[in-house]
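Analysis of the macromolecular model
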Amino acid sequence: MSDENQVDSGRRGLLVATCAAGGVAGLAAAGAFVSTFEPSERAKAAGAPVEVDIADLKPGEMKTVEWRGKPVWIIKRTPDMVASLKKTDAQVADPKSTRNPEELTPDYARNEHRSIKPEILVAVGICSHLGCSPSTKFQTGPQPSLPDDWAGGFLCPCHGVHLRSRGPRVQEQAGA
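The sections below set out a description of the structure shown in this document. Source: prediction; values computed, not measured.

1. Section: the overall build of the protein
Within the protein, the secondary structure is distributed over three helices and seven strands. Starting at the N terminus and ending at the C terminus, the protein contains elements arranged as α-α-β-β-α-β-β-β-β-β. Across the 176 residues of the protein, 26% fall into the buried class. Expressed as a percentage of contacts within the protein between residues at least 6 apart in sequence, the contacts between residues at least 24 apart total 41%. Accessible surface, the protein: about 11,800 Å² in total, of which carbon and sulfur atoms supply 58%.

2. Observations regarding a nonpolar patch on the surface
Taken together, the side chains of Phe33, Val34 and Phe37 define a hydrophobic patch exposed on the protein surface, amounting to about 360 Å² of accessible area. Residue placement: Phe37 occurs in the loop between α1 (9–35) and α2 (41–47). The exposure class of Phe37 is exposed, given its relative accessible area of 62%.

3. A word on the pattern of salt bridges
Under the criterion given, the structure shown has one salt bridge. The closest approach of N and O atoms between Lys63 and Asp56, which form a salt bridge, is 3.2 Å. When its relative accessible area of 22% is taken as the criterion, Lys63 is described as partly exposed.

4. Considerations on unusual backbone geometry
For Arg68, which is not glycine, the phi dihedral falls at a positive 55°. Within the fold, Arg68 resides in the loop between β1 (62–67) and β2 (70–76). Residue class for Arg68 comes out exposed when judged on its relative accessible area of 53%. Phi at Arg114 takes a positive value of approximately 55°, unusual for a residue other than glycine.

5. Structural notes on the environment of Thr36
Among the secondary structure elements, Thr36 is positioned in the loop between α1 and α2. Side-chain polar atoms of Thr36 contact the backbone oxygen of Phe33, separated by 2.5 Å.

What counts as what
- Residues numbered from 1 in each chain as written.
- Predicted model: local features only at pLDDT ≥ 70, side-chain atom pairs only at ≥ 80, totals over all residues.
- Heavy atoms only, no water.
- Helix = DSSP H or I, 4+ residues; strand = E, 2+ residues; numbered from the N terminus.
- Buried < 20%, exposed > 50% of the residue type's maximum accessible area, 1.4 Å probe, protein only.
- Contact = heavy atoms within 4.5 Å.
- Areas by Shrake-Rupley, 256 points an atom, 1.4 Å probe, with all protein chains shown as cover.
- Patch = residues over 30% accessible without salt bridge, like charges linked within 9 Å, V, L, I, M, F, W, Y side chains within 5 Å.
- Salt bridge = Lys/Arg side-chain N within 4 Å of Asp/Glu carboxyl O.
- Polar contact = N/O pair within 3.5 Å; in protein donor to acceptor, adjacent residues only side chain to side chain.

Okay, here's the thing in structure tokens:
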């Protein structure tokens, strides 16, 4: 045979080694690129779920925990608090929590008590008006700066708005 059909094994080995090295480098670059889609450890810590033991929470008590730098209220409602939700239907914009299905309210919270269990309320404790944290006013009945038929809830110290403890989308009522 002639010299044209002869295989140069050195050249073939170099070609195989170059392709293998290029493949490894490509996979490494793709792995690094894909890992940028994951949140950083700092971001994970900032938005991570918060686990809270509420076994010791008695009816009528509130526990405050921090999530993403914001206070989160966990309230174990008394039977009277749960019953008062129906009494305040006329005072809230959306008593059945069905106004806009596209809102971020999950399906399990689209009900009158806005929670899985009626006796447990979990809400971010930030006023939607000025960003302050309202104070608790769970005692019912007439009190200074509250209506005479006060059913319990929160009072925003910045602008005197009454907040009924209905759920995450707390309805503001004009202050007295």
